[in-house]
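Architecture at a glance
As a plain string of letters, each chain reads:
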Amino acid sequence: MARLSYHFPWQNPTMIGENKLPGRNLALPFGEEDAFSYDTSPFKLSLNGLWRFDWRQDLSRGLDLACTLPAFDDSAWAEMPVPSLWQLEGYGKPFYLCSYLHKDHVSVKKHKIPTVYPETNEAGVYRRTFTLPANWDGRRILLHFGAAKSALEVYLNGAKVGYSQGSMTPAEFDVTALAQPGENQLTAIVTRFSTAYYLEDQDMWNFSGLYREVYLVAEPPVRIEDFFADAGLLADNTTGTLKLSVKLRNESAAPATVQLRAHLDGIEVCSKNVLIAAAGTVDLLEEASIANLKPWSAEAAQLYPLVLELRSGEDFLCKKRVRVGFRRVEIDGNVLKINGRRVILKGVNRHDFDPDHGWAVPRERYYEDLYLMKRANINAIRTSHYPDDPFFYELCDELGFYVMDEADVESH
């Protein structure tokens, strides 16, 4: 029977991803007449809910990969909610560390770093099925894991999809070639400790599991692959500057001539005709100046919808939307200024954490936390010590918070 070697991949410090897509703007695709929403789209299928779950201890002999096959009988397994953390659902023990690694699970001896002890490692095997919507035919199917602690290995219909480390950031995989009409079987193997643990020694509780949203998204073959809107403000505080970086991708077998159009609050700020080679990409950088804007600040969090639309002749391909705010940040001597006005940061350090669900933070907790901070006259948040769930930033934009975002790196 095939087995997963305990020396690979979570023992390998050079392996941080296999078949893992580059990070990108997570704005969802929409149809021509679809109403916009932050997290619902006809081309998104949430995989949150109850998954079959089996908790494994002592990985020194590896894992039997029969559990990844569609015919495998998991009816005797328990059920695990996703998102969640398995230590808070009755499996294993959480522990809190401040500034050192847990020596029972990884080596802290200099000549043995990095070493993960397989006999004290744990794995959670998650299984569920899904059916692709009929209107997704011909589109590219991406599988999104919002976060998995500490290492993630993915199988679809018995075939390996890929691998990911970096447990506080999303992992995405293209599963177009493996997904099939009708029922599909998905398996995710999550290991508690990996070599990434040496770089994720955050001052917090240690948990494991699929603790942010899991979903599928269907993109057209010719699409807006990624984009970034750099929104600034001139000294008059009414004229905005927009630098729009866009990556277009054509995964079809023929060249495609497309038109990219961008509208800010209904005003066209970009219109560009582009030829994309077969199986090629094009990077665009467009700049625009917009008059009569209201600036964004923590006191007045003015946001504007930015809509990107892609067409090929008369044929609609896709559209995406984000909300942007225009502001100017300066340091004048030792004075921080936002839009020309002196600002005093009244901030807090915040963990992306819930007292009942740990890192699997419910939406209502974000509202409770941020509303409480606004009432307390707090205007700044530091994400200690990793990126938070994307919804957190969306809500900070909307309510008005200056965010000092941190990377998922802390080695102490």
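The preceding data block contains the structure.
These notes cover the structure that comes with them. Bear in mind that the values here come from a model prediction, so they are computed numbers and not experimental data. (Residues numbered from 1 in each chain as written. Predicted model: local features only at pLDDT ≥ 70, side-chain atom pairs only at ≥ 80, totals over all residues. Heavy atoms only, no water.)

A closer look at the packing of helix 1 (residues 363-375) against helix 2 (residues 390-399)
The contact between helix 1 and helix 2 brings their axes to 11 Å, and the two run at 35°. Handedness of the helix 1/helix 2 crossing: right-handed. Within the contact between the two elements, helix 1 uses Arg-363, Tyr-366, Tyr-367, Leu-370, Tyr-371 and Lys-374 and helix 2 uses Phe-391, Phe-392, Leu-395, Cys-396 and Leu-399. Among the residues making up the contact of helix 1 with helix 2, the classes are represented as nine nonpolar, no polar and two charged. (Axes fitted to C-alpha atoms, helices over the stretch in contact; angles between N-to-C directions. Helix = DSSP H or I, 4+ residues; strand = E, 2+ residues; numbered from the N terminus. Left-handed = near helix turned anticlockwise from the far one by under 90°. Contact = heavy atoms within 4.5 Å. Nonpolar A, V, L, I, M, F, W, Y, C, P; charged D, E, K, R; others polar.)

Topic: the sheet that holds strand 2 (residues 44-46)
Taking strand neighbours across the sheet as the criterion, the four strands line up as 2-15-7-11 in an open arrangement whose pairing is antiparallel. The sheet is open, and its two edges are formed by strand 2 and strand 11 (171-174), each paired on a single side. Strand-to-strand twist of the sheet, defined as the mean angle between neighbouring strand axes without regard to direction, takes the value 20°. By the bridge criterion, six bridges tie strand 7 (residues 140-145) to strand 15 (residues 214-219) in an arrangement that is antiparallel. In the sheet register, Leu-142 faces strand 15, and the bridge partner there is Val-217. (Pairing = 2+ DSSP bridges.)

Here we look at the sheet that holds strand 23 (residues 329-332)
In spatial order, the strands read 23-24-25; together these three strands make up an open sheet with antiparallel pairing. In the strand order of this sheet, the two ends are held by strand 23 and strand 25 (341-342), each with one partner. Bridge count for strand 24 (residues 335-338) against strand 25 is two bridges, and the pairing is antiparallel. What sits directly across from Lys-337, in strand 25, is Arg-342.

Things to note about the pattern of salt bridges
Taken as a whole and judged by the stated rule, the model has 33 salt bridges. Taking the shortest distance from any N to any O, the salt bridge between Arg-350 and Asp-369 comes out at 3.4 Å. You can see Arg-350 sitting in strand 26 (residues 347-350) and its partner Asp-369 sitting in helix 1, a full 19 residues away along the chain. One network of salt bridges, with partners in common, ties together Arg-140, Asp-174, Arg-223, Glu-225, Arg-249 and Glu-251. (Salt bridge = Lys/Arg side-chain N within 4 Å of Asp/Glu carboxyl O.)

Let's talk about helix 2
Counting along an α-helix, one turn takes 3.6 residues, and residues three or four places apart therefore face a common direction. Regarding helix 2, the residues found buried are Phe-391, Phe-392, Glu-394, Leu-395, Cys-396 and Leu-399. Buried residues in helix 2 make contact with strand 22 (315-324), strand 26, helix 1, strand 27 (380-383) and strand 28 (402-404). Sitting at the head of helix 2, Asp-389 places a side-chain oxygen 2.9 Å from the backbone nitrogen of Phe-391. Looking one or two places after helix 2, you find Gly-400, whose phi comes out positive at around 100°. (Buried < 20%, exposed > 50% of the residue type's maximum accessible area, 1.4 Å probe, protein only. Polar contact = N/O pair within 3.5 Å; in protein donor to acceptor, adjacent residues only side chain to side chain.)

Points about helix 1
Spanning 13 residues, helix 1 covers 19 Å between terminal C-alpha atoms, matching the ideal 18 Å at 1.5 Å per step. For helix 1, the complete set of buried residues consists of Tyr-366, Leu-370 and Met-373. One side of helix 1 holds all its buried residues, which, seen down the axis, span an arc of 55°. Seen from the buried face of helix 1, the exposed residues on the opposite side, beyond 90 degrees, are Glu-364, Leu-372 and Arg-375. (Expected span 1.5 Å × (residues − 1). Arc of directions from axis to C-beta.)

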